[in-house]
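Each chain, letter by letter, is given below.
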There are 8 protein chains.
Amino acid sequence: MLGPSDLTVYLSGEIHTDWRDQIIAACETVGLRLDFTGPVTDHGASDDCGAAILGEEENPFWRDHKGAKINAIRTTVLMEQADVVVVRFGEKYKQWNAAFDAGYAAALGTPLIVMHPPEHTHALKEINGAAQATCETPEQVAQILTYVQTGRLSGR
Amino acid sequence: MLGPSDLTVYLSGEIHTDWRDQIIAACETVGLRLDFTGPVTDHGASDDCGAAILGEEENPFWRDHKGAKINAIRTTVLMEQADVVVVRFGEKYKQWNAAFDAGYAAALGTPLIVMHPPEHTHALKEINGAAQATCETPEQVAQILTYVQTGRLSGR
Amino acid sequence: MLGPSDLTVYLSGEIHTDWRDQIIAACETVGLRLDFTGPVTDHGASDDCGAAILGEEENPFWRDHKGAKINAIRTTVLMEQADVVVVRFGEKYKQWNAAFDAGYAAALGTPLIVMHPPEHTHALKEINGAAQATCETPEQVAQILTYVQTGRLSGR
Amino acid sequence: MLGPSDLTVYLSGEIHTDWRDQIIAACETVGLRLDFTGPVTDHGASDDCGAAILGEEENPFWRDHKGAKINAIRTTVLMEQADVVVVRFGEKYKQWNAAFDAGYAAALGTPLIVMHPPEHTHALKEINGAAQATCETPEQVAQILTYVQTGRLSGR
Amino acid sequence: MLGPSDLTVYLSGEIHTDWRDQIIAACETVGLRLDFTGPVTDHGASDDCGAAILGEEENPFWRDHKGAKINAIRTTVLMEQADVVVVRFGEKYKQWNAAFDAGYAAALGTPLIVMHPPEHTHALKEINGAAQATCETPEQVAQILTYVQTGRLSGR
Amino acid sequence: MLGPSDLTVYLSGEIHTDWRDQIIAACETVGLRLDFTGPVTDHGASDDCGAAILGEEENPFWRDHKGAKINAIRTTVLMEQADVVVVRFGEKYKQWNAAFDAGYAAALGTPLIVMHPPEHTHALKEINGAAQATCETPEQVAQILTYVQTGRLSGR
Amino acid sequence: MLGPSDLTVYLSGEIHTDWRDQIIAACETVGLRLDFTGPVTDHGASDDCGAAILGEEENPFWRDHKGAKINAIRTTVLMEQADVVVVRFGEKYKQWNAAFDAGYAAALGTPLIVMHPPEHTHALKEINGAAQATCETPEQVAQILTYVQTGRLSGR
Amino acid sequence: MLGPSDLTVYLSGEIHTDWRDQIIAACETVGLRLDFTGPVTDHGASDDCGAAILGEEENPFWRDHKGAKINAIRTTVLMEQADVVVVRFGEKYKQWNAAFDAGYAAALGTPLIVMHPPEHTHALKEINGAAQATCETPEQVAQILTYVQTGRLSGR
């Protein structure tokens, strides 16, 4: 009671596992009223959107550039609308755009939850320092969001 | 007529008496359309949320830290959404987070109503100086909110 | 078509004639979808609200002060929510709070419409200089709002 | 899924062809949930609004001035509400207000899509440099908006 | 010691008496390091600047308009640079631009000192409600600025 | 006296005549203390900077893009630092970046002076509507800046 | 090298011990270039400033109010100018204005250092959660500021 | 001429090569007037600052946390003061804090220059999409800064 009735949560970062679905399902089970948003998770579409819509490019830099900027339209809108940003760092890839989103959220003053495997603790220390919570599993994110909206801890 | 149809009121501060319920009930009696929000008022949950979700800590400083930052997710979201902030200082405890919320509201330019027993007048003078109204009872808060939304003074 | 579907208009200034009702009625006739807001127009309630809710004061300065700050809660909330601010200067009184609201709107970058009798042109030149439109009648305000929302000029 | 459920798109610039209708129709075909807004596209009303509502002017500069500032009420409100701004430069006229809107959007940090014939590439290089996408047809704009909201590329 | 070493004070309002010079002289006597700024106090120049530089106008409204907007360049720059704004209301004239400046300062969150004769207390209650101090004489303004910069009260 | 001691003026727009030098010289004659800034006025350098520093491009769109974005670093910094923006529209070219800068200044709330030949009055009406002054000659700009800083009208 | 050459540090909170002097002396010893600011630490002057300058009040609430708002002029200016805010909580008093300043700094996004005795850890957990560092001694604050400006740790 | 006389450039990212010194030396050779800032580049001090000043921690997470937040004081101050941010991604490590700084700069609207080896083009496409320039060598950064401040291209 008295928690935020409207809460928009942006789920940023790693796109190759189903962590977003796990969070969403866990929150639905508890009956939370949340709007979840996130980047385009179809890796191929995300890479190709610039060339597919605006025309092919020979130079890979500009091909990427066109796609990245179209993706940035969505990201910018959603980051500005978000009340809370969750960023997940996975095991693979450089994931610099996840860290970029974390910096963007920090500059906006939007509360930030970081999820990553324990072996990344040292490498992510600056980002964890800017976050309100650091955790390892989708269940923990769902528990945090449950607590933020309802004030209830699961299992009590 | 012509008052704010949507008005979100954050009720900050003391969590050991039912002052929030009194304000809410009094406003419902008059038929106001307000969204009330507030911190988690289950003292135990508020203290334990960090350790319960993110894991226990031996060092009490970090145990408190984890909980405080999870609570800050909720507080930050609700403070940014609030049109009016009410802060109550009670008889007991240090209540520094109540004063912290008052400073936060003042920096955002959000109108501030302070409620406290008369013996705290001198100690709260800076915060009262930043407030739009200082009062002592939940009824007075309800009357202010009634006037702000409807333009009517009770008893007229 | 393609105009702003949600438009909140704050009607500031003179409270002794029915100019607000005229604007609202004229806009309803045309079928506009507008939210009109404004200050408390019950002069007695506006003057007495501080003393009535927070207790009487012997010193007239503080009696006025308490009332003015409670009125400021409403004004601040509504000015921040407004998409357009209309300020009317009438024939009588100093009306400094009307000019104060105009300055407040200008600093926020909110579009400003000023309505006043022609004899005030020179005295209001700075405020007209900050306004998007200066007019004399409620009908003109309604026509401006009609045009802003629908793109149609009346009589065409 | 997970895209922005509410997305307001301001369609700025050239008013003599039906490019706005083409974008709107193409987005409706795909079933997008978008709010489209734009300037008044009735050229005569746009030129005459000031004189028609506020009174005629002998001096053409002031006649234009009154109209431009009333149009600015609408433009300012809609630009502040927009999540994405699309600016089209056509073949004719100076179209300085289109470029003005692009600069306004850039300063607000609102994502910008520019649509123009290829012969304007060099003259529009600064504006394209500030944009997230440059394209030539309404279909491309609709495809970008489809991708931004749904994450889907047409034809896949 | 430890006060603000650089402090810019904008002196707004009445331009027909030497209250600005009295404040400046009193602050210099105490050895304060302040930058005082203010509007153009040459009434004739202030009224004529638009017509003199940009060309005469037959219509008095536009003559005033051109002048008012050139004055607004100076006012806007100085209001944005000011750390403290002092607004004086005198005995005569409507002085709506003084009240406009007070509203502008309030919206920016800039501390505001209001100086006026006691008979204006009721008419200025909203503006006093937004101010940090209300006083009657230039000496009091100088004493406030002395205290703000040095922490010392005169006569102690 | 009491005018802005530090005043940074960004001179945007047309780069093929010596209008900037005329304004600067006229202001120096009067002894003003102004910091003038502006875009790179070496047309060749401005067009080539991207390719020269970051490498040539076959596609003219990307060649322009690289240059435009490097120029945007300078423009962005200077627009954010400017207290006043002057935009000149000349006789030739599309000059869309001049209009873009005007929109950028308007969104930031920076006072804007527009200079253009009289035949552009109708095409520039929206931009003039957002400006504090519209004039035709560098001398007029210098007179405005003189008045803004010193409060003196030339010839008096 | 490469640290912030200009750094303004506001020292908020407890005014009955010489902790500010200890920090300043320790930083001067290391040769830092810092501007330290803080509230008026003459308790009597701070309590009396309103009554002494603006006139006595019978009602203690208003006597405090006038003083608190004059003190707020200084605090507001200095908090807005500060790059870093240090807040010390001592053993005695309610110290709500210290907590208010911490909340104000947090809302502005200004880095915050909190200094307090260890027994206050639980009561200050929300404020420590919003801070970049929590420490117990002036020497630690000086070491943090040394590190922030020079990148050097003492004793290395 | 007419470029930014004061320009503060934050050099973020990789700390194991002397790329910062190369940029600074190249800019000094040309005679630029720039203030360069950056993070603490002494890796050991950067890792240990929290434990050294605030006390050791058994848990590596909290040891990192204390250090990261003290480093964040410096980073936050410098990022807010910077006119331009340069971010270098090297060959090794995760470098998530470099990407975090890029996101922070993007959210603030500060112009961004990215420097990285060509093999990172695809992984950095989102960050390059948010940047004003992407390059590979310190010489290119120095040439960009030279052009931004002086308008001159080297070798012309």
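Further up the page is the structure itself.
Residues numbered from 1 in each chain as written. Chains lettered and ligands numbered in written order. Predicted model: local features only at pLDDT ≥ 70, side-chain atom pairs only at ≥ 80, totals over all residues. Heavy atoms only, no water.

1. Describing the relation of the copies chain D and chain F
Laying chain D over chain F is done by rotating through 180 degrees and shifting 0.0 Å along the axis; what remains is an RMSD of 0.0 Å. When the rotation and shift are considered jointly, the pair of chain copies conforms to a two-fold rotation axis. When you check the interface residues of chain D against chain F, 100% turn up at the interface there too, and the contact is symmetric in its surfaces. (Least-squares fit on C-alpha atoms with pLDDT ≥ 70 in both. Contact = heavy atoms within 4.5 Å.)

2. Considerations on the side chain of Gln149(H)
Among the secondary structure elements, Gln149(H) is positioned in helix H6 (residues 138-150). Owing to a relative accessible area of 3%, Gln149(H) belongs among the buried residues under this scheme. One polar contact links the side chain of Gln149(H) to the main-chain carbonyl oxygen of Pro4(H), over a distance of 2.9 Å. Contact partners of Gln149(H), with chain neighbours within four places excluded, come to Arg74(F), Gly3(H), Pro4(H), Ser5(H), Leu7(H), Leu32(H), Arg33(H) and Leu34(H). (Helix = DSSP H or I, 4+ residues; strand = E, 2+ residues; numbered from the N terminus. Buried < 20%, exposed > 50% of the residue type's maximum accessible area, 1.4 Å probe, protein only. Polar contact = N/O pair within 3.5 Å; in protein donor to acceptor, adjacent residues only side chain to side chain.)

3. Some details on the sheet that holds strand E4 (residues 112-115) of chain B
Adjacent strands of a sheet pair through backbone hydrogen bonds, lying either parallel or antiparallel. Residues and elements named next belong to chain B. Within the open sheet, the 5 strands sit side by side as E2-E1-E3-E4-E5. Their pairing is parallel. Unpaired on one side and paired on the other, strand E2 (35-37) and strand E5 (133-135) mark the two borders of the sheet. Averaged over neighbouring strand pairs, the angle between their axes works out to 20 degrees when direction is ignored. Across the face of the sheet, helix H3 (residues 60-81) comes into contact with strand E1 (8-13), E2 and strand E3 (84-88) while running at roughly 135 degrees to E1. (Pairing = 2+ DSSP bridges. Axes fitted to C-alpha atoms, helices over the stretch in contact; angles between N-to-C directions.)

4. Thoughts on the interface of chain D and chain F
In this complex, chain D contributes 32 residues to the contact, which on the side of chain F involves 32 residues. Carbon and sulfur atoms make up 68% of the surface buried where chain D meets chain F, a total of about 3100 Å² over both sides. Viewed at the interface, chain F and chain D are joined by 2 salt bridges. Here Asp47(F) ties to Lys125(D) by a salt bridge, and the two come within 3.2 Å at their closest N and O atoms. Scanning the region where chain D abuts chain F turns up 8 residue pairs in polar contact (both at pLDDT 80 or more). Here the element with the most residues in the side of chain D that touches chain F is helix H4 (residues 96-108) of chain D; it accounts for 10 residues. Here the side of chain D that touches chain F is composed, by residue class, of 16 nonpolar, 10 polar and 6 charged. (Buried area = accessible area lost by both parts, 1.4 Å probe. Salt bridge = Lys/Arg side-chain N within 4 Å of Asp/Glu carboxyl O. Nonpolar A, V, L, I, M, F, W, Y, C, P; charged D, E, K, R; others polar.)

5. Regarding the packing of aromatic side chains
Across all of its chains, the model carries 28 aromatic pairs over all chains by this definition. Ring geometry for Phe100(F) versus Tyr104(F): centroids 6.4 Å apart, planes at 40 degrees, classification tilted. With Phe100(F) and Tyr104(F) both in helix H4 (residues 96-108), this residue pair falls 4 residues apart, about one helical turn. We note that Phe100(F), like Tyr104(F), is buried. Ring pairing ties together the aromatic residues Phe61(A), Trp62(A), Phe61(F) and Trp62(F), which thus form one cluster. (Phe/Tyr/Trp six-rings, centres within 6.5 Å; stacked < 30°, edge-to-face > 60°.)

6. Some remarks on helix H3 (residues 60-81) of chain E
In an α-helix, one turn spans 3.6 residues; hence positions three or four apart end up facing the same way. Residue and element names in this part refer to chain E. Given a rise of 1.5 Å per residue, 22 residues ought to cover 32 Å, and the 32 Å separating the end C-alpha atoms of H3 matches this to within 8%. When the local axis directions of H3 are compared, the greatest deviation, roughly 25 degrees, occurs at alanine 72. Burial runs high along H3: 17 of the 22 residues are buried. Capping the start of H3 is the job of one residue whose side-chain oxygen sits 2.8 Å from the backbone nitrogen of phenylalanine 61: asparagine 59. (Expected span 1.5 Å × (residues − 1). Bend = angle between axes of the 7 residues up to and from the residue.)

7. Here we look at the sheet that holds strand E4 (residues 112-115) of chain F
Residues and elements named next belong to chain F. The strand order E2-E1-E3-E4-E5 describes an open sheet built from 5 strands, whose pairing is parallel. Bordering the open sheet on either side are strand E2 (35-37) and strand E5 (133-135), each of which pairs with just one other strand. The sheet shows a mean angle of 20 degrees between the axes of neighbouring strands, taken without regard to direction. The sheet contact formed by strand E3 (residues 84-88) and E4 spans 4 bridges and is parallel. Residue pairing for E4: arginine 88 is matched across the bridge by methionine 115. Together, strand E1 (8-13), E2 and E3 form the strand contacts of helix H3 (residues 60-81), whose direction differs from that of E1 by roughly 135 degrees.

8. Some thoughts on the pattern of salt bridges
A complete count under the given rule lists 48 salt bridges over all chains for this structure. A salt bridge links Asp48(F) to Arg63(F); the nearest nitrogen and oxygen atoms lie 3.3 Å apart. With Asp48(F) in helix H2 (residues 43-54) and Arg63(F) in helix H3, this residue pair connects regions lying 15 residues apart in the sequence. Judged by its relative accessible area of 19%, Asp48(F) falls in the buried class. Connected via shared salt-bridge partners are Asp47(A), Lys125(H) and Glu126(H).

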